[in-house]
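Reading the structure
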Amino acid sequence: MILVKTQRGSLLAPLQSVSGIVGKRHTLPILSNALLEKKGNTLTFLATDIEIQITTSAEVAGGEGDGAVTVGARKLQDILRSLPDGAEITLSLEDKRLQVKAGKSRFNLQTLPAEDFPRMTIADAEPRRIETTQKQFRHLLAQTQFAMATQDVRYYLNGLLLLVDGNELRAVATDGHRLAFASMALGEGVELARQELILPRKTVLELNRLLADSDDPIRIDMMSNQIRFQFGNVVLVSKLIDGKFPDYERVVPASTRNVVTLNRTALLQSMVRAAILTNEKFRGVRLILTPGSLKIVAANAEQEEAQEELEIDYSGEAIDVGFNVSYLLDVLNHASSESIEWGFNDANSSALLTQPGNERFKYVVMPMRI
């Protein structure tokens with residue numbers, strides 16, 4: 001039975017949207033598959049890893065009626081990607097196999113029954129909904145996601161806190177050594193009761209991959225143990241991390257005695273050069289701040305040393321403090337402003353990095369002994 005007859009792009013783009021969460025090796029083989037379901041001229045693509053589910057659809061012409069099948073997502077994607085742009089693709093179901101035809105190319109793929117595909121159960125409760133643009137929400141995630149923990153035993157740190165309060169949406173991420181905070185307004189007339197949700201790390205990374213840098217809308221439905229994102233033709237449903245996120249407001253310094261404004265690009269380039277000679281494991285650099293000067297010093301176990309010096313407009317207290325250079329590079333790479341403000345109290349206290357004139361972004365980093 002011919003299921004679909006359409007252009008390559010009509011299949012490849014939606015398949016790429018859902019296949020990002022598909023793992024190569026699963027205890028359940030069917031989780032390596034994507035569900036393809038045709039009803040009329042609509043072909044729906046669905047993939048899940050039990051924690052996250054992504055659905056999208058495409059309008060396709062041709063075919064001999066409706067049908068559904070699951071097939072290896074990565075294999076089908078690789079086949080479609082390798083075929084010429086603009087090629088006409090025919091997908092046919094024959095004897096529990098999906099045949100992919102394009103010109104004189106033929107591929108026969110194993111399938112598993114569509115009825116065995118595990119779909120996530122969507123919560124029945126009425127969700128709380130917010131709407132914004134894809135560009136704004138993607139920017140909010142980009143300013144914070146780099147501070148998420150990776151495989152920390154404190155499982156709630158392996159994700160990102162989304163907090164709705166009044167007409168403000170906040171995002172916070174921390175790995176215990178540094179913390180990134182960003183917020184955005186939800187528009188006039190929006191007034192929501194405070195609610196905290198922890199998105200899994202994989203969900204955040206997938207959203208960053210799928211969201212467009214455009215003013216197209218995104219609708220976010222928040223439930224007690226799930227969250228749903230709808231944008232374009234994509235619907236992403238994710239479980240939430242069940243845990244209590246640290247009180248980030250206690251981590252952010254209420255005030256700092258000294259503040260120095262630095263050119264972000266110059267500082268970034270100096271840090272990149274100094275990082276070449278840091279210890280590979282600890283990645284430590286010393287920042288030696290004196291009136292008119294900032295020195296960046298790095299050394300490693302081979303007795304090699306790098307020193308960078310920046311002329312700055314500063315006349316406050318001197319400080320000699322160590323930081324993990326990776327943590328500093330992360331914030332410098334993700335900030336969009338020309339300048340960065342570094343606020344500090346002493347060499348044993350957390351530093352506060354902000355962007356001048358922007359109260360909606362804060363980055364806190366703990367010092368380290370070098």
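Right above here is the structure, for reference.
All values derive from a computational prediction rather than experimental measurement.

1. A word on the environment of Met366
- Along the polypeptide, Met366 turns up in the segment after strand 24 (358–365).
- In sequence terms Met366 and Ser349 are 17 residues apart; their C-alpha atoms lie 6.9 Å from each other.
- Each residue touching Met366, except ones within four places of it in the same chain, is listed here: Gly176, His177, Phe323 and Ser350.

2. Considerations on the packing of aromatic side chains
- Taken as a whole, this structure holds six aromatic pairs when the rule is applied.
- Seen from their ring centres, Phe146 and Tyr363 are 5.7 Å apart, and the 45° between their planes marks the pair as tilted. You can see Phe146 sitting in the loop between helix 3 (134–142) and strand 10 (159–166) and its partner Tyr363 sitting in strand 24, a full 217 residues away along the chain.
- Among the residues examined, Phe146 registers a relative accessible area of 12% and is labelled buried.
- Tyr363 gets classed as buried once you look at its relative accessible area, which sits at 0%.
- Relative to Trp342, the ring of Phe323 has its centre 6.3 Å away and its plane inclined at 75°; by these criteria the two rings are edge-to-face. In this pair, Phe323 sits in strand 21 (residues 319–324) while Trp342 sits in strand 22 (residues 339–344), placing the two residues 19 residues apart along the sequence.
- Through successive ring pairs, a cluster of aromatic residues spans Phe323, Trp342 and Phe344.

3. Digging into the side chain of Lys38
- Mapped onto the elements of the fold, Lys38 is located in strand 2 (residues 33–39).
- The buried charged residue Lys38 lacks any salt bridge, with Asp66 as its nearest oppositely charged partner at 4.7 Å.
- A distance of 3.1 Å separates a polar atom in the side chain of Lys38 from the backbone oxygen of Gly65.
- For Lys38, the residues in contact, after removing those within four places along its chain, are Leu3, Val4, Leu43, Val60, Gly62, Gly63, Gly65, Asp66 and Gly67.

4. Quick notes on the nonpolar core
- Counting residues in hydrophobic clusters, the biggest one holds 98 residues, and the most contacted among them are Phe137, Leu162, Phe229, Met271, Leu287 and Trp342.
- For Leu162, the residues in contact, after removing those within four places along its chain, are Phe137, Leu140, Leu169, Arg170, Ala171, Gln195, Glu196, Leu197, Leu199 and Ile227.
- In this structure, Leu163, Val172, Ile198 and Val252 belong to the second largest nonpolar core, which totals 12 residues.

5. Side note on the environment of Lys38
- Residue Lys38 is classed as buried on the basis of its relative accessible area, which comes to 4%.
- For Lys38 and Ala68, which are 30 residues apart along the polypeptide, the C-alpha to C-alpha distance reads 6.1 Å.

6. Description of the pattern of salt bridges
- This structure, assessed with the given rule, holds 20 salt bridges.
- For the salt bridge of Glu317 with Arg257, the shortest nitrogen-to-oxygen distance reads 3.4 Å. With Glu317 in the loop between strand 20 (305–311) and strand 21 and Arg257 in the loop between helix 5 (248–251) and strand 17 (258–263), the pair connects residues that are 60 residues apart, well separated along the chain.
- Residue Arg257 is classed as exposed on the basis of its relative accessible area of 52%.

7. Considering helix 3
- For helix 3, the full list of buried residues reads Gln134, Phe137, Leu140 and Leu141. When helix 3 is viewed along its axis, its buried side chains cluster within an angular range of 130° and face the same direction.

8. What about the pairing of strand 11 (residues 168–174)?
- Among the seven residues of strand 11, seven are classified as buried, and the element is accordingly described as predominantly covered.
- Neither face of strand 11 is open: one carries Glu168, Arg170, Val172 and Thr174, the other Leu169, Ala171 and Ala173, and all of them are buried.
- Joining the antiparallel neighbours strand 10 and strand 11 is a turn of one residue.
- Here strand 11 runs beside strand 12 (residues 178–185); their pairing, made up of seven bridges, is antiparallel. The partner of Leu169 across the bridge, within strand 12, is Met184.

The rules behind these values
Residues numbered from 1 in each chain as written. Predicted model: local features only at pLDDT ≥ 70, side-chain atom pairs only at ≥ 80, totals over all residues. Heavy atoms only, no water. Helix = DSSP H or I, 4+ residues; strand = E, 2+ residues; numbered from the N terminus. Contact = heavy atoms within 4.5 Å. Phe/Tyr/Trp six-rings, centres within 6.5 Å; stacked < 30°, edge-to-face > 60°. Buried < 20%, exposed > 50% of the residue type's maximum accessible area, 1.4 Å probe, protein only. Lys, Arg positive; Asp, Glu negative; His and termini not counted. Salt bridge = Lys/Arg side-chain N within 4 Å of Asp/Glu carboxyl O. Polar contact = N/O pair within 3.5 Å; in protein donor to acceptor, adjacent residues only side chain to side chain. Core = buried A, V, L, I, M, F, W, Y, C linked by side-chain atoms within 4.5 Å. Arc of directions from axis to C-beta. Pairing = 2+ DSSP bridges.

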